[in-house]
Amino acid sequence: MRAFRNCFSLKKPKPGFEEPPILAAETHFTVNEVEALHDLFKKLSSSDDGLIHKEEFQLAFFNNSNKQNFFLDRLFDLFDIKRNGVIEFGEFVRSLSVFHPRAPEADKIAYLFRLYDLQQTGFIERDDLKEMVSALLSESDLSLSIDAVESIVDKTMTEADLKGDGKIDEEEWKEFVTKNPSILKNMTLPYLKELTIAFPSFILNTDVTDLE
């Protein structure tokens, strides 16, 4: 009788929860690392629905839920795989997986391409690049003249747009990043393979991407 009662007293999993072994099989995390990420996820989600909202995402980065950040908005959009305005646990783990030291470089390059493809056209266009460079400079408290920003964008387009059609496709981007590996410096978070040893703060480095 007690066992019968217990089966009805079990807590229902929160929306978006997926079992650690399933997520471990689909990502670069071990089961223990996924379990540690679940503890982190619960700390970040202060709402009753067990999901991470944009304000909570901002709070995790800046200790300020009201601060606007272009880069963070883009990252939130990529984490929000279902495009429903919240981040579920499965989305959280799958998105973080690309930042794992064990993630292939090709995955990191492709993810960064999606980050820069602001209009989701399948290309990085000049306006995308200019907007991203300007935002990164602004959010890093670096001030460059309009001419200097234009020069960075022009130089990047000249080097990356091998077909000369005014936009950068995925193959061109891959070749450009391969020649400029420092662009990937923020795409690996070493502490993600030490989750069970030292519990990390969820803070990504948003240094200006080196495009030179």
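Residues numbered from 1 in each chain as written. Predicted model: local features only at pLDDT ≥ 70, side-chain atom pairs only at ≥ 80, totals over all residues. Heavy atoms only, no water.

## Digging into the overall build of the chain
The condition is simple: Put simply, DSSP marks the helices as runs of H or I at least four residues long and the strands as runs of E at least two long, and each gets a number from the N terminus on. By definition in these notes, contact holds between two residues if any of their heavy atoms fall within 4.5 Å. Only the protein chains shown count as cover for residues, and all accessible areas are computed by the Shrake-Rupley method using a 1.4 Å probe.
Of the regular secondary structure elements, the chain holds ten helices and four strands. Across the chain, helices and strands are ordered from the amino to the carboxyl terminus as α-α-α-β-α-α-β-α-α-β-α-α-β-α. Partitioning the contacts of the chain with sequence separation of at least 6, the portion at a separation of at least 24 is 59%. When the accessible surface of the chain is summed, it comes to about 11,600 Å², and 52% of that surface belongs to carbon and sulfur atoms.

## Remarks on the packing of aromatic side chains
Heads up, the condition is: Classification of ring pairs rests on two measures: the distance between centres of Phe, Tyr or Trp rings, Trp counted by its six-membered ring, which must be within 6.5 Å, and the angle between planes, read as stacked under 30 degrees, edge-to-face over 60 and tilted in between. The rule is simple: take the accessible area with a 1.4 Å probe, protein chains only, and divide by the maximum for that residue type; under 20% is buried, over 50% is exposed, in between is partly exposed. As a reminder, the over-ring test applies to NZ of lysine and CZ of arginine, requiring each to be within 6 Å of the ring centre and within 35 degrees of the ring normal.
This model, assessed by the stated rule, comprises ten aromatic pairs. A centroid spacing of 5.5 Å and a plane angle of 70 degrees characterise the contact between F41 and F89, whose relative ring orientation is edge-to-face. Pair noted here: F41 is in helix α3 (residues 31–44) and F89 is in helix α6 (residues 89–97), with a separation of 48 residues, a long-range link. Of the residues examined, F41 reaches a relative accessible area of 2% and is grouped as buried. Relative to W173, the ring of Y116 lies with its centre 5.3 Å away and its plane at 40 degrees, an arrangement referred to as tilted. Placement of Y116 in helix α7 (residues 105–116) and of W173 in helix α10 (residues 170–179) is noted, with a sequence separation of 57 residues between them. Accessibility classification places Y116 together with W173 in one group, the buried group. One aromatic cluster in this structure is built from F17, F41, F57, F76, F79, F89 and F92. A cation over a ring is seen here: K167 above F123, with NZ or CZ 4.2 Å from the ring centre.

## Section: the pattern of salt bridges
Note the threshold: Salt bridges, as used here, are contacts in which a Lys or Arg side-chain nitrogen is within 4 Å of a carboxyl oxygen on Asp or Glu.
Scanning the entire structure with this criterion turns up twelve salt bridges. Taking the shortest distance from any N to any O, the salt bridge between R94 and E26 comes out at 2.5 Å. Note that R94 is positioned in helix α6 and E26 in helix α2 (residues 20–26), a separation of 68 residues in sequence. Here E26 falls in the exposed class, since its relative accessible area comes to 51%. As a salt-bridge pair, K82 and E88 come within 2.9 Å of each other at their nearest N and O atoms. The class of K82 is exposed, set by a relative accessible area of 54%. Beyond isolated ion pairs, a larger network of salt bridges with shared partners links R126, K130, E150 and D154.

## Side note on the nonpolar core
Counted only if it meets this: The nonpolar core is taken to be a set of buried Ala, Val, Leu, Ile, Met, Phe, Trp, Tyr and Cys residues, with the residues joined through side-chain atoms within 4.5 Å. Delimitation of the domains relies on an automatic or database domain assignment.
Of all hydrophobic cores here, the largest spans 52 residues; its most connected members are F57, F79, F92, F99, Y116 and W173. Summarising the domain contributions, this core has at least three residues from each of domain 1 (19–99) and domain 2 (104–186). Beyond its immediate sequence surroundings of up to four residues, F99 is in contact with L75, F79, K108, Y111, N186, M187, T188, L189 and L192.

## With respect to the side chain of D117
The criterion, for reference: Charge assignment: positive for Lys and Arg, negative for Asp and Glu; neither His nor the chain ends contribute.
Relative to the helices and strands, D117 resides in the loop between α7 and β3 (124–125). Among buried charged residues, D117 stands out as having no salt bridge; its nearest opposite-charge side chain is R74, 6.6 Å away. Discounting chain neighbours no more than four positions away, the residues touching D117 are R74, G122, F123, I124 and D128.

## So, the UniProt feature "domain: EF-hand" (unreviewed entry) in the chain
How we decide: UniProt positions are given in the numbering used here, feature names are shortened, and annotations may be inferred rather than shown by experiment.
The positions UniProt marks with the feature "domain: EF-hand" (unreviewed entry) are residues 67–102, 104–139 and 148–183. End C-alpha to end C-alpha, residues 104–139 measures 28 Å, and it is 72% helix and 6% strand. The span residues 148–183 is 64% helical and 6% strand by assignment, and the distance between its end C-alpha atoms comes to 19 Å.

## Comments concerning unusual backbone geometry
Trans peptide bonds make up most of the peptide bonds, and negative phi angles are found at most residues other than glycine. A positive phi angle, near 55 degrees, is found at R83, a position not held by glycine. Within the element layout of this structure, R83 appears in the loop between α5 (70–79) and β2 (86–87). Given a relative accessible area of 46%, R83 falls into the partly exposed group. Backbone geometry at Q120 places phi at a positive 55 degrees, although glycine is not the residue there. Here Q120 falls in the exposed class, since its relative accessible area comes to 56%.

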